[in-house]
Every structure is written in C-alpha cells, then in structure tokens.
Amino acid sequence: INFSTAAGADKKLRFLINSDGQINGINFDGVDYTRNGDTNVFTDTEGATLTYKSGVMDTDSGIPNLSYSDFGVYQITADGVAGKNIPFAGGYESRRIAESRIMDAIDGNLEFSGAAVGTVTNSENKNLDIRDDRAFLVFNKSDGVSTLTANFANWYNVTLSRDMNATNGNIVFSNYVGTADFRLPDDVKSGTADINMGYYGAAPTSGIPTEATGLVHYKNDANGIQMDVAFGVKNK
C-alpha cells in the first residue's frame, strides 16, 4: 500500500513486506527504513528513525482493526531531534469502492465510527497532538455527501462535509478548549479544507464499503494555524 501523508501532498509512505507478509521496512520519500525487531520503530542508514503509529494500534478504546486500509501518524527523529507527528492514510486500490458505485448499491445512509488523529501547528512551529476515539462518518444516500465529525478534547469540535468525489470540503469549528497558542481568530467559525479519502470493502463489485480512511488539511492564513488529521472508520 502506498499511503498518502497529507491531503494534497505528493510524499508517500510505503510498507516493505517480506515473503511471510510481515512488515520489515518502510520507504518514505525515497528513503528506506529497516524495522527494529518487532517494534514500530524503523531506522535508515544514517541512523534516523521513523516511528509508525497506527490509529487503531495505540489505543485501548476497542476500535476494531481495519481490514483493507490503515491510518495514523508517524514521526521522524534525526540527529536527536524529533519531528512532529505527521498523519497518513490509505488502502488497497483493489478494495477501493467508487462513491458513484456506493450510491447505486445502498438503500439508505451509511454510518461509520472510528478515530481521528493528527497535529495542529501554529505560526511559531509549535505542535499540538489531537485525537478523538469517537469520530463519526456518514455517507448520505440522497446526495453522496460524506460528513465527518470529530470532537478533540484539547482543541475544537470539528465537522467536515465533502461532496462526492471532491478534493475539498467545508469545515466547521466549535467549542474551543485550550490555550491561545492554537486558537483560530475569533471571527473564524468555518472554512475550506483539503480532503483525500477512500471507501473500502471486501467485495468492491457489491458497492458496499465496510470501512473508510482519509486525510484532512486546513490552514488559516490570518494567524497560521494549521490542522492535519488522519481518520479511519468502520461500518456500524
């Protein structure tokens, strides 16, 4: 699987698999990282490390594992300096289901639940990690709109609506919790976010997805607040 690493970005995260189907390396942006034993830490030839954190592996929330896609964050540490957590998401193209096919196959709205995880960065390059283990996604049968809801306990409640096959959508912010460092301007209640997402299922020809993963990127030009989030959800 080639994972996207940010909505609209061209850098890819790729797993390297051995003959037994086990992950033994990661290639990111053309650099190979070799797995350290059975851990989630990978090292390149220069000693830099990449720590991979699946969104469904590092929580005790009971969120079910996804079968055909994955999401989460990774962090690169070089020369003893740890970078920020960077979201990723993606899945098997052979299991991906076109949204027009979903529209034809379903009888009513589809509801998914799971998690959203990511990072908020401000103009001073300070980072805030955010996560919601009760994220909720609805695919609307009538118009094909996908609506994601995530309530981040240390930031905003976020609702994102995306038209079928679009690469951006409307994002709404409410109920801020946190310090002034990561707060949007008071007059900003909504905006436009970049989105890269996909629906996946065991039988793509049926048109019925069992899970979805994606990436959301938002930046406010007025004060430089930037949000990057990956999400993964499973059909309820």
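Not measured: the values here are computed from a predicted model. (Residues numbered from 1 in each chain as written. Predicted model: local features only at pLDDT ≥ 70, side-chain atom pairs only at ≥ 80, totals over all residues. Heavy atoms only, no water.)

1. Structural notes on the packing of aromatic side chains
And step 1. Within the structure shown, the criterion is met by twelve aromatic pairs.
And step 2. Taking the centre distance of 5.1 Å and the plane angle of 90° together, the rings of Phe15 and Tyr52 count as edge-to-face. Of this pair, Phe15 sits in strand 2 (residues 12-17) while Tyr52 sits in strand 6 (residues 49-54), and the two are 37 residues apart along the sequence. You'll find Phe15 and Tyr52 in the same group, each marked buried.
And step 3. Here the aromatic rings of Tyr156 and Tyr176 are separated by 4.6 Å at their centres, their planes lie at 50°, and the arrangement is tilted. You can see Tyr156 sitting in the loop between strand 13 (146-151) and strand 14 (157-162) and its partner Tyr176 sitting in the loop between strand 15 (168-174) and strand 16 (190-200), a full 20 residues away along the chain. The same class applies to Tyr156 as to Tyr176, namely buried. (Phe/Tyr/Trp six-rings, centres within 6.5 Å; stacked < 30°, edge-to-face > 60°. Helix = DSSP H or I, 4+ residues; strand = E, 2+ residues; numbered from the N terminus. Buried < 20%, exposed > 50% of the residue type's maximum accessible area, 1.4 Å probe, protein only.)

2. A word on the pattern of salt bridges
And step 1. Counted under the stated rule, the structure contains six salt bridges.
And step 2. With a shortest N-O distance of 3.6 Å, Arg96 and Glu93 are connected by a salt bridge.
And step 3. For Glu93, a relative accessible area of 57% translates into the label exposed.
And step 4. Taking the shortest distance from any N to any O, the salt bridge between Lys126 and Glu124 comes out at 3.5 Å. (Salt bridge = Lys/Arg side-chain N within 4 Å of Asp/Glu carboxyl O.)

3. Comments concerning the pairing of strand 16
And step 1. Judged from the two bridges that link them, strand 10 (residues 96-97) and strand 16 form a sheet pairing that is antiparallel. Paired with Arg96 across the strands is Tyr200, a residue of strand 16.
And step 2. When strand 15 meets strand 16, the two strands line up antiparallel, connected through five bridges. Bridge pairing in strand 16 links Asn170 to Thr192.
And step 3. Judged from the seven bridges that link them, strand 16 and strand 17 (residues 211-219) form a sheet pairing that is antiparallel. Within strand 17, the residue paired with Tyr200 across the bridge is Glu211. (Pairing = 2+ DSSP bridges.)

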